[in-house]
Amino acid sequence: VKRPAHLSADKFGMMLAKGGIHPRGVVLDSEFYELPLLLNHSLLEEEMESLLHGIDWEQASEANAEQGVVSRHLRLTQSLGKDLEGPFEDAEGRLARSPYIRTILAQMGGVVGNVAFMSLEPGGIVDTHFDLNKYWDARVRVHIPIRTNKKVRFFCGQRDEIRRLNMKRGKAYIFDNHLGHRVENKGKSSRIHLVVDLVGSRKFWALVARSRALGSVAKPAPDPPPTLLEVAPDSKVAVEAWRDVDIKNGCKTLRGALVETAAQLGLKAEAEDLSSAWCAAIEGRKMTRMEELRELRRLAARACCSAGTAAATRGTIG
């Protein structure tokens, strides 16, 4: 959604119909959520500084700049095709060299796509916009503040119900990015977040269910509070190994994406067995795509039960 040049960001945001614009049904019932994670921001900053050494920030793309999204980036994963289109891969080994970041990603569960540091300079404003690209139909973005100040504000919400939040270091947040949202940094220092786009999993959405809701619907933080997440150097992370357009029909391409993704977590054999069983189960049957995917989920659940809790607790299948 592009803001006409003659309109201010605030006026443009207020012109939108109450209820926002949503390409799909809204799952989140509050604008912001604080995930039940306690992170070591010093370790995060150390890894960021190491990755930034001798490297220039990537400026906002022309398309983003036209919408007033002016944040600079340093990518930890990179697309092998168009921007925000898979497959993705580790960018120059940056994830491999960041054990604490990998620990956090593994703790959240799910398969990651775009992972990057995003910097907003003092006085910077990200204008009101919506994330309506098809990329967002199946993904959610997590924000993890690394450097911030008390005058950074994140705004999100429906018309006349805009909520604002100052995100804290050591925490992780999600927000409803199908609503209008904007960011401003009125402080004297840069705001740098680690942003993680991921395809949700049962593990991730269970984490969200235990989160503190901050916005029009309030829910308290979990009790007992989370303990500090320690680094786990052997943490494995699955990066998207597909293009969305390639896995919408049939079994062959989805099977390849499933196996290649699971192989990153040491579950290649399990994924091959699951995908073979799924392809056999739907072959020759007149099923809608949703029915085919329900069958895949059913087989995945049965595979987890058969294998005990080991595969399920790794948060990968389904």
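Preceding block: the structure.
Residues numbered from 1 in each chain as written. Predicted model: local features only at pLDDT ≥ 70, side-chain atom pairs only at ≥ 80, totals over all residues. Heavy atoms only, no water.

**Some details on the nonpolar core**
Most often, soluble globular proteins have nonpolar side chains that are buried together.
Consideration 1: Counting 41 residues, the largest nonpolar core has Met 108, Phe 117, Val 142 and Leu 194 as its most contacted members.
Consideration 2: Of all the secondary-structure elements, those providing two or more residues to this core are helix 2 (41-52), helix 4 (99-108), strand 5 (111-120), strand 7 (140-147), strand 12 (191-199) and helix 5 (202-209).
Consideration 3: In this structure, Phe 117 is in contact with Met 48, Leu 51, Trp 57, Arg 72, His 73, Leu 74, Leu 76, Ile 101, Ile 146, Ile 192, His 193 and Leu 194, ignoring residues within four places of it in sequence. (Core = buried A, V, L, I, M, F, W, Y, C linked by side-chain atoms within 4.5 Å. Buried < 20%, exposed > 50% of the residue type's maximum accessible area, 1.4 Å probe, protein only. Helix = DSSP H or I, 4+ residues; strand = E, 2+ residues; numbered from the N terminus. Contact = heavy atoms within 4.5 Å.)

**Quick notes on the sheet that holds strand 5**
Consideration 1: A sheet is described by the order of its strands in space; here seven strands give the open sequence 2-5-12-7-10-1-13, paired in antiparallel fashion. Pairing within the sheet leaves two strands with one partner each, and these edge strands are strand 2 (72-75) and strand 13 (212-214). Between one strand axis and the next, the sheet turns through 30 degrees on average, direction left out of account.
Consideration 2: Inspection of the sheet shows strand 1 (residues 32-34) paired to strand 13 by three bridges, in the antiparallel sense. Bridged to Glu 34 within strand 13 is Arg 212. (Pairing = 2+ DSSP bridges. Axes fitted to C-alpha atoms, helices over the stretch in contact; angles between N-to-C directions.)

**Quick notes on the packing of aromatic side chains**
Consideration 1: In total, this model carries four aromatic pairs according to the counting rule given.
Consideration 2: Look at Phe 32 and Phe 154: their rings are 5.8 Å apart centre to centre, the planes differ by 85 degrees, and that puts the pair in the edge-to-face class. In this pair, Phe 32 is assigned in strand 1 and Phe 154 in strand 8 (residues 152-157), connecting sequence segments 122 residues apart. Comparing Phe 32 with Phe 154, the two get one shared label, buried.
Consideration 3: Put simply, the rings of Phe 32, Phe 154 and Phe 175 touch in pairs and so form one group of aromatic residues.
Consideration 4: Directly above the aromatic system of Phe 155 lies the positively charged group of Arg 182, at a separation of 5.5 Å from the ring centroid. (Phe/Tyr/Trp six-rings, centres within 6.5 Å; stacked < 30°, edge-to-face > 60°. Lys NZ or Arg CZ within 6 Å of the ring centre and 35° of its normal.)

**Comments concerning the side chain of Arg 102**
Consideration 1: By the secondary structure assignment, Arg 102 is in helix 4.
Consideration 2: Summary of buried charges: Arg 102 has no salt-bridge partner, and the nearest side chain of opposite charge, Asp 234, is 6.3 Å away.
Consideration 3: In this structure the side chain of Arg 102 is engaged in a polar contact, spanning 2.8 Å, whose partner is the backbone oxygen of Ala 96.
Consideration 4: In contact with Arg 102, not counting residues within four places along its chain, are Leu 95, Ala 96, Arg 97, Pro 233, Ser 235 and Val 237. (Lys, Arg positive; Asp, Glu negative; His and termini not counted. Salt bridge = Lys/Arg side-chain N within 4 Å of Asp/Glu carboxyl O. Polar contact = N/O pair within 3.5 Å; in protein donor to acceptor, adjacent residues only side chain to side chain.)

**Comments concerning the packing of helix 6 (residues 252-263) against helix 7 (residues 268-282)**
Consideration 1: Between helix 6 and helix 7, the shortest axis-to-axis distance is 8 Å and the interhelical angle comes to 160 degrees. Compared by their axis directions, helix 6 and helix 7 come out roughly antiparallel. The crossing of helix 6 and helix 7 is right-handed. Within the contact between the two elements, helix 6 uses Leu 254, Arg 255, Leu 258, Val 259, Ala 262 and Ala 263 and helix 7 uses Lys 268, Ala 271, Glu 272, Leu 274, Ser 275, Ser 276, Trp 278 and Cys 279.
Consideration 2: Taken together, the residues of the contact of helix 6 with helix 7 break down into nine nonpolar, two polar and three charged. (Parallel < 35°, antiparallel > 145°, perpendicular 65-115°, else oblique. Left-handed = near helix turned anticlockwise from the far one by under 90°. Nonpolar A, V, L, I, M, F, W, Y, C, P; charged D, E, K, R; others polar.)

**Structural notes on the state of the cysteines**
Consideration 1: In this structure the tally under the stated criterion is one disulfide.
Consideration 2: What pairs with Cys 251 in a disulfide is Cys 279, and their sulfur atoms sit 1.6 Å apart. A torsion of 90 degrees about the S-S bond marks the disulfide between Cys 251 and Cys 279 as right-handed. Taken together, the positions of Cys 251 in the loop between strand 13 and helix 6 and Cys 279 in helix 7 put the pair 28 residues apart, joining distant regions of the chain.
Consideration 3: Residue Cys 251 is classed as buried on the basis of its relative accessible area of 17%.
Consideration 4: Judged by relative accessible area, Cys 279 falls into the buried class, the value being 13%.
Consideration 5: Cysteine Cys 304 is unpaired, with the sulfur of Cys 305 as its nearest cysteine sulfur at 7.0 Å.
Consideration 6: Taking the relative accessible area as the measure of exposure, Cys 304 reaches 6% and is therefore buried. (Disulfide = S-S within 2.5 Å.)

**Looking at empty space enclosed by the protein**
Consideration 1: One pass over the full model with this rule turns up one cavity of 30 Å³ or more.
Consideration 2: By volume, the largest cavity amounts to about 40 Å³.
Consideration 3: Lining the largest cavity, in full, are Thr 148, Val 152, Arg 153, Phe 154, Leu 165, Met 167, Val 183, Arg 191 and His 193.
Consideration 4: Elements supplying a minimum of two residues to the lining of the largest cavity: strand 8 and strand 12.
Consideration 5: Residue contributions to the lining of the largest cavity peak at three residues, all from strand 8.
Consideration 6: Residues belonging to the lining of the largest cavity are distributed by class as follows: five nonpolar, two polar and two charged. (1 Å grid on protein atoms, 1.4 Å probe; cavity = no way out; pocket = protein on both sides within 12 Å on 5 of 7 lines; lining within 4 Å. Points joined across faces, edges and corners; volume = space filled by probe spheres on them.)

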